[in-house]
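Results of the structural survey
Take a look at the letters that make up each chain.
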Amino acid sequence: MKDIYQIIRNVRLSEKATFLQEMNNEVVLEVDRRANKLEIKRAVEQLFGKKVEDVRTCNCRGKKKGRGAQAGRTANWKKAVVRLKEGESLELA
């Protein structure tokens, strides 16, 4: 798990993620399920060039989709909430 582009998969933009960014200077990311907090911290610092203060992670279960014979579920994923140091900011569109 060395490549930073394999660790950070996507930026999660939602109402809660926007609120966390505005109030606590935090960014919500979808990351590889095998990545640990230190790897996530290094990847964010290298990719965005920002200093990281704290990383919190959460394993999220996939949701059930469909009904009857076509029933299935979405994939499980891991969420990371990354707090940036004071004075650092990250503009996400």
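Since this is a predicted model, take the numbers as computed values, not measurements.

1. Things to note about the sheet that holds strand β2 (residues 26–31)
Ordered in space as β1-β2-β6-β3, the 4 strands form an open sheet in which the pairing is antiparallel. Here the strands that pair on one side only, and so sit at the sheet edges, are β1 (8–11) and β3 (52–60). Strand-to-strand twist across the sheet, computed as the mean angle between neighbouring axes with direction ignored, equals 30°. As judged from the 6 bridges shared by β2 and strand β6 (residues 77–84), these two strands associate in the antiparallel manner.

2. Quick look at the pairing of β2
Most of β2 is tucked away, with 6 of its 6 residues classed as buried. Going residue by residue along β2, you find Glu26, Val28 and Glu30 tucked away on one face and Val27, Leu29 and Val31 tucked away on the opposite face as well. Pairing analysis gives 3 bridges linking β1 to β2, with the strands arranged antiparallel. Bridging across to β2, Val11 finds its partner in Leu29.

3. Notes on a positive patch on the surface
Side chains of Lys2, Lys41, Arg42, Lys51 and Lys85 sit close together on the surface and give a patch of like positive charge. Secondary-structure assignment places Lys41 in helix α3 (residues 37–48). In this structure Lys41 comes out as partly exposed when scored by relative accessible area, which is 32%.

The rules behind each value
Residue numbers restart at each chain and count upward from 1, following the sequence in its written direction. Only residues with pLDDT of at least 70 are given local features in this predicted model, and only at 80 or more are side-chain atom pairs given and counted; all residues enter the totals for whole chains, interfaces and linings. To obtain the side-chain values, all non-hydrogen atoms of the structure were used and water was disregarded. Strands are treated as partners if at least two bridges between them are detected by DSSP. The numbering of helices and of strands both runs from the N terminus, where a helix is a DSSP run of H or I of at least 4 residues and a strand a run of E of at least 2. Axis lines are fitted to C-alpha atoms, over the contacting stretch for helices. Their N-to-C directions set the angle, which ranges from 0 to 180 degrees. Categorising residues by exposure relies on relative accessible area from a 1.4 Å probe, with only protein chains included: less than 20% of the type maximum marks a residue as buried, more than 50% marks it as exposed, and the intermediate range marks it as partly exposed. Patches in this entry comprise residues that are over 30% relatively accessible and not in a salt bridge; like charges within 9 Å are linked, as are nonpolar side chains (Val, Leu, Ile, Met, Phe, Trp, Tyr) within 5 Å. Under the convention used here, a 1.4 Å probe and the Shrake-Rupley method define accessible areas, while residue burial counts only the protein chains that appear. Salt bridges, as used here, are contacts in which a Lys or Arg side-chain nitrogen is within 4 Å of a carboxyl oxygen on Asp or Glu. Charge convention: Lys and Arg are scored as positive, Asp and Glu as negative, and His as well as the terminal groups of each chain are ignored. By convention, charge coordinates are those of NZ in Lys, CZ in Arg, CG in Asp, or CD in Glu.

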